[in-house]
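Each chain, written out:
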Amino acid sequence: MSEETTLNAVELAAELTIAWLGNQNNRVAAEDVPAFLRTMHATVTELAAGSSAPAAGAEDAAPVEEFTPAVTARKSLASKDHIISMIDGKPYKTLRRHLSGHGLTPEQYRQRYNLKADYPMVAESYSEARRAMAHRIGLGQKGRQAKAAAAAPAPAAKPKRAPRTAKSA
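Keep in mind it's a predicted model, so treat the numbers as computed, not measured.

## What to know about the packing of aromatic side chains
In step 1: Evaluated as defined, the whole model comprises three aromatic pairs.
In step 2: Between Phe67 and Tyr113, the aromatic rings sit 6.5 Å apart at their centres with planes inclined by 65 degrees, giving edge-to-face as the arrangement. A residue pair is termed long-range when its members are at least 10 positions apart, and Phe67 in the loop between α3 (53-59) and α4 (73-76) and Tyr113 in the loop between α6 (106-112) and α7 (124-136) qualify at 46 residues.
In step 3: Given the relative accessible area of 30%, Phe67 is considered partly exposed.
In step 4: Summarising the aromatic geometry, the rings of Tyr109 and Tyr119 are spaced 6.4 Å apart at their centres and angled 50 degrees between planes, so their arrangement reads as tilted. Of this pair, Tyr109 sits in helix α6 while Tyr119 sits in the loop between α6 and α7, and the two are ten residues apart along the sequence.
In step 5: With relative accessibility at 0%, the residue Tyr109 sits in the buried group.
In step 6: By way of ring pairs, the aromatic residues Phe67, Tyr109, Tyr113 and Tyr119 are connected into one cluster.

In C-alpha cells form, the structure reads like this:
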C-alpha cells in the first residue's frame, strides 16, 4: 500500500506541477522547476501520510495581530486643530484619507486600537470651520424655511380686478 501511495503522490505532484507551470501568470525559470517538483512531492506525501501538524497550525493561521499605537487616545485628541494618527504619530485634520492609504476604514481603525465608536475622524476646529461655511452658503436652510412658512398664517388674498380694456372715443 505504501508503493501505491508513493506512486499516487508522484503522479499527483507531477500533475500539480504541470498545472502550475501551465498557468500563464506563473513565470518560472527552467532551473527552478525540479526544486518546485520536489517541494510539491514532499507536500503531497506529507498530506497523504495524514500529518496533523498543518491542521493544528491552520487554527492559528490567522493570529490576532497586536498593534501598538504611536500615541495614546488622549494625546491623539489633545489639540483642537488636528488629530494625531495612532498609526504613524503624525497630525491630520481628517483621518479618512490617511486611513484609506493604509487600507483601513474608520471602523477598522477604531477596532484595531480599541477606540470607542464615537472617536472622531475629523479635528474639532476643522469640523467647526466646515459647519460655519455650510451655514454661510445656506445649506440646511431650505427645510427650516419651509417649516416656518407652513407655521405662519398666509396673508389674506386681495380680490383680482378685471383686466382693463381700451376705451374707444
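## What about the environment of Tyr92?
In step 1: Among the secondary structure elements, Tyr92 is positioned in strand β2 (residues 91-92).
In step 2: Looking at Tyr92, the relative accessible area reads 22%, which means it is partly exposed.
In step 3: Those residues in contact with Tyr92 that sit more than four places away from it in its chain are His82, Ile83, Ser85 and His98.

Definitions and limits used
- Residues numbered from 1 in each chain as written.
- Predicted model: local features only at pLDDT ≥ 70, side-chain atom pairs only at ≥ 80, totals over all residues.
- Heavy atoms only, no water.
- Phe/Tyr/Trp six-rings, centres within 6.5 Å; stacked < 30°, edge-to-face > 60°.
- Helix = DSSP H or I, 4+ residues; strand = E, 2+ residues; numbered from the N terminus.
- Buried < 20%, exposed > 50% of the residue type's maximum accessible area, 1.4 Å probe, protein only.
- Contact = heavy atoms within 4.5 Å.

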